[in-house]
Amino acid sequence: MAAVEAPGQSGPADRVAYRDALLASTADRLGSVREARWILEHMEAEGAEPGSAVERTEQLESLVARRVAGEPLQYVLGRWSFRALELTVDPRVLIPRPETEQVVEVALAELSRADAGSPVAVDLGTGSGAIALALATEGGRRFPRLEVWATDASADALAVAAQNLARLDSDDSSRVQLAEGGWFGALPDAVKGRVDLIVANPPYVSEAEYADLDPGVRDWEPREALVAPTGAGGVGGMADIETIVAGAPRWLRPGGALVVEIAPGQAYASIDAARRAGFRQVTTERDLAGRVRMLVARR
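In what follows, the accompanying structure is described. Not measured: the values here are computed from a predicted model.

Below, the discussion takes up the pattern of salt bridges. A complete count under the given rule lists 17 salt bridges for this structure. Between R253 and D196 there is a salt bridge; the shortest N-O distance is 2.4 Å. Here R253 is found in strand 7 (residues 252–261), whereas its partner D196 is found in strand 6 (residues 195–200), with 57 residues between them in sequence. Across the pair, exposure class does not vary: R253 and D196 are buried alike. Here E207 and R223 are joined by a salt bridge, their closest N and O atoms 2.6 Å apart. One end of the pair, E207, is in helix 9 (residues 207–210); the other, R223, is in the loop between helix 10 (215–218) and helix 11 (239–247), and 16 residues separate them in sequence.

A word on unusual backbone geometry. Within the chain, R83 stands out as a residue other than glycine whose phi angle is a positive 55°. Following the sequence through the fold, R83 ends up in the loop between strand 1 (79–82) and strand 2 (85–88).

Our focus in this paragraph is the sheet that holds strand 3 (residues 120–124). Strand order across the open sheet formed by seven strands is 5-4-3-6-7-9-8, with mixed pairing between neighbours. Lying at the two open borders of the sheet, with one neighbouring strand each, are strand 5 (176–180) and strand 8 (281–286). Sheet twist, expressed as the mean angle between neighbouring strand axes with direction ignored, is 15°. Note that strand 6 and strand 7 share five bridges and pair parallel. Each residue of the ladder has a partner; that of A200, found in strand 7, is V260.

The rules behind these values
Residues numbered from 1 in each chain as written. Predicted model: local features only at pLDDT ≥ 70, side-chain atom pairs only at ≥ 80, totals over all residues. Heavy atoms only, no water. Salt bridge = Lys/Arg side-chain N within 4 Å of Asp/Glu carboxyl O. Helix = DSSP H or I, 4+ residues; strand = E, 2+ residues; numbered from the N terminus. Buried < 20%, exposed > 50% of the residue type's maximum accessible area, 1.4 Å probe, protein only. Pairing = 2+ DSSP bridges. Axes fitted to C-alpha atoms, helices over the stretch in contact; angles between N-to-C directions.

Okay, structure coming up:
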């Protein structure tokens, strides 16, 4: 990165000129003005004023070098927005995506149908906690006594979710319970049969698809959160979806709903799995790009 001379005891105009020059230099290195601005704003938001221009330059160089090496910007920054939340993210968890924000939108609509004053929602494979915390904060506005269970088989992922949970205010955080274990195995028997909503963004990438993923995804994000074996029906990446769909009716109350993020090519197989599991209403929803992205099944 080309050296940019920092202002000494200069006035506001010089400091603005310095920041503009730093932005231009960083953008040239990254090939993106937008990413350069995000990184500089991140340093400012984090209070990155170590006391010397040399230290600030070294910190900036470290962040830029990580990005140039291919590390996703979200991991470089260490935080990323998801709906109204600002989440800690690192290579222990998937990066929250706009498609999953739409999953939450559909899940909240299903939750709004709950008759109980104290509905129960479950987020299977919570990762960073994105879905569970969005349900707790947004769903909690309508249902103050909402109970949210967030499960994950990865202790590392739950550690990230716990960091994000700790940043919520006490009313919202009190609605969420984190539980370690595989899918429904992490849930207490006490909620069996009384869950109003189950949401999941499970692994659904097939082995064949994984090899062709963008290197920023394949080389950095946790493989176990992306890739699933072929399902019983022969469709790639369907195994975890099938497990969740088959197990959900035992946990849902009558009228409860299951919302699962899927790949567009898994729509028919997912619908078939839900019908075999006994769901009375089965449909799909599309993401903002118009692609089939969610299975929605009501018991």
